[in-house]
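Given next are the chains, with one letter for each unit.
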Amino acid sequence: MDFRLDPEVEAFRKEARAWIKQQIPPDWDQRERLLDYEEPDGVVFSMDFQRKLAQKGWLVPHWPKEYGGQGDHMKHMVLTEELAYWGLPSGGQPVNQVASILMAHGTDEQKKHFLSGLAQVKWKWAEGYSEPSGGSDLANIQTYAVEDGDDFVINGSKIWNSAHIGPDYMFGLVRTDLNQPKHRGISFLIWPMNVPGIAISKVPMMWGRSRALVTFDNMRVPKSCVIGERERGFYVAMGSLDVQRATLDRLANARRLADWLVEYARVAKFDGQKVIDRPGIRNQLAEIMMAVECYKMMIYKVAWMQSKSIPSTRESSIAKIFGPDLMQRACKVGMQMIGAYGLLEPGSKWAPLYGKIENQYLENFARTIGSGTSEINRNVVATRGLGLPRG
Ligand SMILES: Cc1cc2nc3c(=O)[nH]c(=O)nc-3n(C[C@H](O)[C@H](O)[C@H](O)COP(=O)(O)OP(=O)(O)OC[C@H]3O[C@@H](n4cnc5c(N)ncnc54)[C@H](O)[C@@H]3O)c2cc1C
């Protein structure tokens, strides 16, 4: 692939950046770190902003024209990168992962209902893959459905998701045939979350936010909730993980973190010397900047492959290993630079860069875990990428 973008794409980037700068709310530097798009207040902000994008025709430019998009992957790529760099939400998982599953596997009726609603930002979503007994071994999920007429009656639990935001729908995996081998008995479902039999409790995260544990106690949903072929849901979900593991917003997050560190090092002083002039810090910052450039190549490659419908499992996993590791290294350098001020949280007037570094340091522990741990992704690279035998 050619890593240079076409002049018209770069021109669009300028247009997008100018528009985004006009949308940035006042005091955004202070406010942004206090918002989490997987918390109720953050979701309200995020959905309002996504509706603005939809009005402008910038929410789903990558969707094929037949589904209301423009078939323009580059536009989507640039928008996602720019929005994330400024800390603003793009369409995220619903219009990318959920939509791609629906386009590939949904019935005409499911596509009509969900894709039009997704493009209008009608609903809140939660992802229901992981379970308390283990998230890495997705084929081993225990949540199961029993058939009762036209319905499924579902029991089990899902954890680490965003169900505490009050989602309208959850998508995920449920065992619909207990007699088949573990990979084979699972179906992919999108089910409503306003039905009886659902209990949601919060799970605290160490950066002061929450995720959720959801339990299903005889939850009844129609069988028409199944997306794609029944008992083939494991494969439906696997395809979508490639989309989730290497996204442009992850790249933009890495770049802005690196930029924050440089910005801080340029103004802060230690023992009368500018932090940026300390050779140890300078070298580490240079290494981070170079790693961000490498990460960019990886993410752009995945985006390009996906735009050409080329399978990107290996490349997505490589980027998923590299990016979160880079973020964690960058956060450590940041904490080293700010020293004891790193104990202060966002909201404290003494916290350097409004507490962004402290917040990122804590939040980034989770990045090597969510969407598949680094160990699992190394297994994917070894088996799917290098053809090594399974352990
Ligand atoms: C902040 C956050 C948000 C999340 N959001 C969601 C969400 O919205 N929806 C959702 O469904 N899930 C979500 N997850 C769950 C995430 O996908 C799981 O945490 C992840 O897949 C790991 O599963 P686990 O935590 O159960 O760890 P386990 O699977 O129990 O693994 C424990 C350890 O063993 C290692 N391990 C396990 N199997 C192997 C193996 N075969 N080879 C080598 N090492 C192995 C793992 O790498 C890990 O270090 C989220 C997680 C976090 C931290």
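The shown structure was predicted, so the numbers you read here are calculated from the model rather than taken from an experiment.

## Re the nonpolar core
So, point 1. If you look at the biggest cluster of nonpolar residues, it comprises 85 residues, and the most contacted ones within it are Trp125, Tyr129, Phe188 and Ile190.
So, point 2. Ala145, Ala163, Ala212 and Val214 belong to the second largest nonpolar core, which has 17 residues in total.

## Some thoughts on empty space enclosed by the protein
So, point 1. All told, the structure shown has one cavity of 30 Å³ or more when counted by the stated rule.
So, point 2. The computed volume of the largest cavity comes to approximately 40 Å³.
So, point 3. Considering the residues around the largest cavity, the lining is formed by Arg250, Tyr295, Gly323, Pro324, Met327 and Arg367.
So, point 4. The greatest single-element share of the lining of the largest cavity, amounting to three residues, is contributed by helix H10 (residues 313-338).
So, point 5. Looking at the lining of the largest cavity residue by residue, the class counts come to three nonpolar, one polar and two charged.

## Digging into helix H1 (residues 7-23)
So, point 1. Its 17 residues place the ends of H1 25 Å apart at the C-alpha level, agreeing with the 24 Å of an ideal helix rising 1.5 Å per residue.
So, point 2. Looking only at H1, the buried set comprises Val9, Phe12, Arg13, Ala16, Trp19, Ile20 and Gln23. In an axial view of H1, the angular spread of the buried residues amounts to 135°, which keeps them on one side of the axis. More than 90 degrees from the buried face of H1, the exposed residues found are Pro7, Lys14 and Gln22.
So, point 3. Looking at the buried side of H1, the elements it contacts are helix H3 (40-56), helix H4 (73-85) and helix H9 (279-307).

## Examining the pairing of strand S6 (residues 198-204)
So, point 1. Bridge count for S6 against strand S7 (residues 210-222) is seven bridges, and the pairing is antiparallel. Directly across from isoleucine 198, in S7, lies its bridge partner phenylalanine 216.
So, point 2. Connecting the antiparallel pair S6 and S7 is a turn made up of five residues, with glycine 208 showing a positive phi of about 90°.

## So, the domain arrangement of the protein chain
So, point 1. Partitioning the protein chain into domains gives domain 1 (7-119), domain 2 (125-232) and domain 3 (246-385).
So, point 2. For domain 2 versus domain 3, the separation of C-alpha centres amounts to 32 Å.

## A short note on helix H7 (residues 233-245)
So, point 1. For H7, built from 13 residues, the straight-helix expectation of 18 Å at 1.5 Å per residue is met to within 8% by its first-to-last C-alpha distance of 19 Å.
So, point 2. Every buried residue of H7 is accounted for by Gly233, Phe234, Val236, Ala237, Ser240, Leu241, Asp242, Val243, Gln244 and Arg245.

## Some words on the site of the ligand
So, point 1. Around the ligand there are 19 residues in total, and Gly135, Ser136, Trp160, Thr373 and Glu375 lie nearest to it.
So, point 2. Residue tryptophan 160 places a main-chain N or O atom 2.7 Å away from a nitrogen atom belonging to the ligand.
So, point 3. With respect to the ligand, the side chain of threonine 373 contributes an N or O atom lying 2.6 Å from an oxygen atom.
So, point 4. In the complex, the protein chains occlude 65% of the 970 Å² of accessible area that the ligand would expose alone.
So, point 5. Counting residues per element, the ones that place at least two in the shell around the ligand are strand S1 (125-128), strand S3 (151-161) and helix H12 (374-385).
So, point 6. Residues belonging to the shell around the ligand are distributed by class as follows: seven nonpolar, 10 polar and two charged.
So, point 7. Shared between two domains, the shell around the ligand holds at least three residues of each, these being domain 2 (125-232) and domain 3 (246-385).

## A closer look at the environment of alanine 145
So, point 1. Structurally, the position occupied by alanine 145 is in strand S2 (residues 144-148).
So, point 2. Classification of alanine 145 by relative accessible area gives buried; the value is 5%.
So, point 3. Expressed as a C-alpha distance, the spacing of alanine 145 and proline 279, which sit 134 residues apart in the sequence, is 60 Å.
So, point 4. Among all residues touching alanine 145, those that are not within four sequence positions of it are Phe152, Val153, Ile154, Val174, Arg175 and Thr176.

## Quick word on the pairing of strand S5 (residues 186-192)
So, point 1. Taken across its seven residues, S5 has seven buried, putting it largely inside the fold.
So, point 2. The alternating pattern of S5 places Ile186, Phe188, Ile190 and Pro192 on one face and Ser187, Leu189 and Trp191 on the opposite face, and all of these are buried.
So, point 3. Looking at chain direction, strand S4 (residues 169-175) and S5 are connected through seven bridges and run antiparallel. Paired with valine 174 across the bridge in S5 is serine 187.

## Thoughts on unusual backbone geometry
So, point 1. The phi dihedral of aspartate 27 is positive, around 60°, even though this residue is not glycine.
So, point 2. For aspartate 27, the position within the fold is in the loop between H1 and helix H2 (28-32).
So, point 3. For serine 371, which is not a glycine, the phi torsion comes out positive at approximately 60°.
So, point 4. Along the chain, serine 371 falls in the loop between helix H11 (356-363) and H12.

## Focus: the packing of H10 against H11
Packed helices, taken two at a time, are described by the angle their axes make and the gap between the axes.
So, point 1. Axis separation between H10 and H11 bottoms out at 9 Å; the angle between their running directions is 140°. On the basis of their axis angle, the class for H10 and H11 is oblique. Taken as a pair, H10 and H11 cross one another with a handedness that is left-handed. When H10 is examined against H11, the residues Met327, Cys331, Lys332, Gly334, Met335 and Ile338 are found in contact with a partner set consisting of Ile357, Glu358, Gln360 and Tyr361.
So, point 2. When grouped by side-chain class, the residues that make up the contact of H10 with H11 number six nonpolar, two polar and two charged.

Calculation notes
Residues numbered from 1 in each chain as written. Predicted model: local features only at pLDDT ≥ 70, side-chain atom pairs only at ≥ 80, totals over all residues. Heavy atoms only, no water. Core = buried A, V, L, I, M, F, W, Y, C linked by side-chain atoms within 4.5 Å. Buried < 20%, exposed > 50% of the residue type's maximum accessible area, 1.4 Å probe, protein only. 1 Å grid on protein atoms, 1.4 Å probe; cavity = no way out; pocket = protein on both sides within 12 Å on 5 of 7 lines; lining within 4 Å. Points joined across faces, edges and corners; volume = space filled by probe spheres on them. Helix = DSSP H or I, 4+ residues; strand = E, 2+ residues; numbered from the N terminus. Nonpolar A, V, L, I, M, F, W, Y, C, P; charged D, E, K, R; others polar. Expected span 1.5 Å × (residues − 1). Arc of directions from axis to C-beta. Contact = heavy atoms within 4.5 Å. Pairing = 2+ DSSP bridges. Domains from an automatic or database assignment. Near = heavy atom within 4 Å. Polar contact = N/O pair within 3.5 Å; in protein donor to acceptor, adjacent residues only side chain to side chain. Areas by Shrake-Rupley, 256 points an atom, 1.4 Å probe, with all protein chains shown as cover. Axes fitted to C-alpha atoms, helices over the stretch in contact; angles between N-to-C directions. Parallel < 35°, antiparallel > 145°, perpendicular 65-115°, else oblique. Left-handed = near helix turned anticlockwise from the far one by under 90°.

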